[in-house]
Amino acid sequence: PVIVILVLFLQQNAYSQSSKTINPYADVDRKALEIPSDMTTGTDKIAEYISANFSTDADKVRAAFIWVTSNLDYDVENMYMINFNEDRQQRISRTLDSNKAVCAGYSAVFCDICIKFGVLAYEISGYTKSGESISNLSHSWCAVMLDGKWYGVDPTWGAGYYANGKFVRKIDNNYFK
């Protein structure tokens, strides 16, 4: 009877573990979230930490993605307030000072971090399409070059979603590469 109970326990435990979603980036994510707060006041310091703690460009880009998506809140109050007079550096500074942004702030911070640790990255602005419908609101996301190949990265949509007038943080790896 003890052996039967032990076998049943082990089978249940194995089933429970295999049914969970495994994050292939768990080790990188854990280390990226350890960036000391005094190093998060500028993209140069964030990039410095990432460069010192990750060896591959892919891990560095993932670290930038997880830091941005985990530390910036979507600025629901200002989601329709676009400041056309604000330059890129001002947007990055305001985003890091407030820890809030709309898509342009998310993409500017993410790309600037990547560029500072040596990965080619571009901000892309345009419109999104869902099914046959094109949104009437513009959006901003990123493209990064890894191992000679371009990848799309959307740190805004990767951070969570908007529901019932609030930002809900829910990291979505579908928007990473």
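A few points on the structure. These figures come from a predicted structure and were not determined experimentally. Along every chain, residues carry numbers that run from 1 in the direction the sequence is written. The predicted origin of the model limits local features to residues at a pLDDT of at least 70 and limits the giving and counting of side-chain atom pairs to 80 or more, whereas totals for whole chains, interfaces and linings rest on all residues. No hydrogens and no water enter the side-chain calculation; it runs on all heavy atoms of the structure.

Some remarks on the pairing of strand S4 (residues 133-146)
- In this analysis, strands are considered paired if DSSP registers two or more bridges between them. Helical segments are the DSSP runs of H or I of at least four residues, strand segments are the runs of E of at least two, and each set is numbered from the N terminus. The sheet contact formed by strand S3 (residues 121-130) and S4 spans 9 bridges and is antiparallel. Across the sheet, the residue bridging to Tyr127 is Ser138, located in S4.
- What sits between the antiparallel neighbours S3 and S4 is a turn of 2 residues, in which Gly131 has the positive phi angle 65°.
- Where S4 meets strand S5 (residues 149-153), 5 bridges bridge the pair, whose relative direction is antiparallel. From the neighbouring strand, Val144 faces S5, where its bridge partner is Tyr151.
- Count of turn residues in the S4/S5 antiparallel hairpin: 2 residues, of which Asp147 carries a positive phi of about 50°.

Focus on the packing of aromatic side chains
- Aromatic rings from Phe, Tyr and Trp, taking only the six-membered ring of Trp, are treated as a pair when their centres fall within 6.5 Å; an angle between ring planes under 30 degrees marks them as stacked, one over 60 as edge-to-face, and anything in between as tilted. If you walk through the whole model with that rule in mind, you get 4 aromatic pairs.
- When the centroid spacing of 5.8 Å and the interplanar angle of 45° are considered together, the rings of Tyr122 and Trp150 count as tilted. On the criterion of sequence distance, the pair formed by Tyr122 in strand S3 and Trp150 in strand S5 is long-range, its members being 28 residues apart.
- Any residue under 20% of the maximum accessible area for its type is buried, any over 50% is exposed, and the rest in between are partly exposed; the area is computed with a 1.4 Å probe on protein chains only. The class for Tyr122 is partly exposed, based on a relative accessible area of 46%.
- Overall, Trp150 belongs to the partly exposed group, its relative accessible area being 40%.
- A positively charged side chain is recorded as over a ring if its NZ (Lys) or CZ (Arg) lies within 6 Å of the ring centre. The angle to the ring normal must also be within 35 degrees. Positioned above the aromatic ring of Phe176 is the side chain of Arg62, whose terminal nitrogen or guanidinium carbon lies 5.0 Å from the ring centre.
- One cation-aromatic arrangement involves Lys177 over Tyr151; the distance from NZ or CZ to the ring centre is 4.8 Å.

Purely geometric numbers; function is a separate question.
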